[in-house]
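Architecture at a glance
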Amino acid sequence: MITELLLATFMVSLTVAIHGAGLHGLAKLVRLEARQEAHEHIDPLSLRGYSVTLLAIFGLFALHGAEIWLYAFLYVGLGAVEGLREAVYFSTITYGAIGYSDAVMAERWRLVSAIEGINGIILLGWSTAFFITVVARLRRI
């Protein structure tokens, strides 16, 4: 159990660091674009405004995707899930706390996947807060 908890703690730390850095980068891009839009008096509901929104959404998808794939590679590396496709699928439903079944997961590593579910929910919530802030900023311009 200690090994699982240490590994899960490492993964949580790694994904939080990646997520924080990714949100920081996205925030910088959005702030730069918002300043330029305000300076040029561009309507946030214009094509350019929609582009910023899409950039934020795709950036968030990329961040979550990278974190899901990290867990999938871990599961394959540990031999906890057989095959990369199965590992990515399992990691995706676990990260999003959908969790259909953990039958494909080796019993020895199930605690890691349970913690991935909690980790994913927290990171998804963080992304939601970020996205709401981005949309609110664009509306103020």
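Coordinates for the structure precede this section.
Values in this document were obtained by computation on a predicted structure and should not be read as measured data. (Residues numbered from 1 in each chain as written. Predicted model: local features only at pLDDT ≥ 70, side-chain atom pairs only at ≥ 80, totals over all residues. Heavy atoms only, no water.)

Moving on, we come to the layout of surface pockets. In this structure, the largest pocket encloses a volume near 200 Å³. Taken together, Ile 57, Leu 60, Phe 61, His 64, Gly 65, Ile 68, Thr 92, Tyr 95, Leu 124 and Ser 127 make up the full set of residues lining the largest pocket. Elements represented by at least two residues in the lining of the largest pocket include exactly helix H2 (47-78), helix H3 (84-95) and helix H4 (110-140). Sorting elements by how many residues they give to the lining of the largest pocket places H2 first, with six residues. When grouped by side-chain class, the residues that make up the lining of the largest pocket number six nonpolar, four polar and no charged. (1 Å grid on protein atoms, 1.4 Å probe; cavity = no way out; pocket = protein on both sides within 12 Å on 5 of 7 lines; lining within 4 Å. Points joined across faces, edges and corners; volume = space filled by probe spheres on them. Helix = DSSP H or I, 4+ residues; strand = E, 2+ residues; numbered from the N terminus. Nonpolar A, V, L, I, M, F, W, Y, C, P; charged D, E, K, R; others polar.)

Residues Tyr 75, Val 81, Met 105, Trp 109 and Val 112 are the most contacted members of the largest nonpolar core, which totals 14 residues. Listed by contribution, the elements that provide at least two residues to this core are helix H1 (2-40), H2 and H3. Setting aside chain neighbours within four positions, we find Met 105 in contact with Tyr 75, Ala 80, Val 81, Phe 90, Arg 110 and Ser 113. Listed in part, the 10 residues of the second largest apolar core include Val 30, Ala 56, Leu 60 and Val 134. (Core = buried A, V, L, I, M, F, W, Y, C linked by side-chain atoms within 4.5 Å. Buried < 20%, exposed > 50% of the residue type's maximum accessible area, 1.4 Å probe, protein only. Contact = heavy atoms within 4.5 Å.)

As enumerated under the stated definition, the model contains three aromatic pairs in all. Ring centres of Trp 69 and Phe 73 lie 5.6 Å apart, and the angle between their planes is 55 degrees; this geometry places the pair in the tilted category. Taken as a pair, Trp 69 and Phe 73 lie in helix H2 at a separation of four residues, close to a single helical turn. The class for Trp 69 is partly exposed, based on a relative accessible area of 38%. When its relative accessible area of 47% is taken as the criterion, Phe 73 is described as partly exposed. Between Tyr 75 and Phe 90, the ring centres sit 5.7 Å apart and the planes meet at 65 degrees, which makes this aromatic pair edge-to-face. Taken together, the positions of Tyr 75 in helix H2 and Phe 90 in helix H3 put the pair 15 residues apart, joining distant regions of the chain. Of the two residues examined, Tyr 75 and Phe 90, each falls in the buried class. (Phe/Tyr/Trp six-rings, centres within 6.5 Å; stacked < 30°, edge-to-face > 60°.)

Here the focus is the side chain of His 19. For His 19, the position within the fold is in helix H1. Using a relative accessible area of 0% as the deciding quantity, one classes His 19 as buried. At 2.8 Å, the side chain of His 19 forms a polar contact with the side chain of Glu 67. For His 19, the residues in contact, after removing those within four places along its chain, are Leu 63, His 64, Glu 67, Leu 123, Trp 126 and Ser 127. (Polar contact = N/O pair within 3.5 Å; in protein donor to acceptor, adjacent residues only side chain to side chain.)

Turning our eyes to something else, we now look at unusual backbone geometry. In this model, Ala 97 sits at a positive phi of 60 degrees, which is unusual for a non-glycine residue. Mapping Ala 97 onto the fold places it in the loop between H3 and H4. Using a relative accessible area of 46% as the deciding quantity, one classes Ala 97 as partly exposed.

Two numbers describe how H2 lies on H3: the axes approach to 8 Å, and their chain directions differ by 125 degrees. Taken together, the axes of H2 and H3 are oblique relative to one another. Classified by chirality, the crossing of H3 by H2 is right-handed. Taking contact as the criterion, the partners of His 64, Glu 67, Ile 68, Trp 69, Tyr 71, Ala 72, Phe 73, Tyr 75 and Val 76 in H2 are, on H3, Leu 84, Ala 87, Val 88, Phe 90, Ser 91, Thr 92 and Tyr 95. Its residues assigned to classes, the contact of H2 with H3 comprises 12 nonpolar, three polar and one charged. (Axes fitted to C-alpha atoms, helices over the stretch in contact; angles between N-to-C directions. Parallel < 35°, antiparallel > 145°, perpendicular 65-115°, else oblique. Left-handed = near helix turned anticlockwise from the far one by under 90°.)

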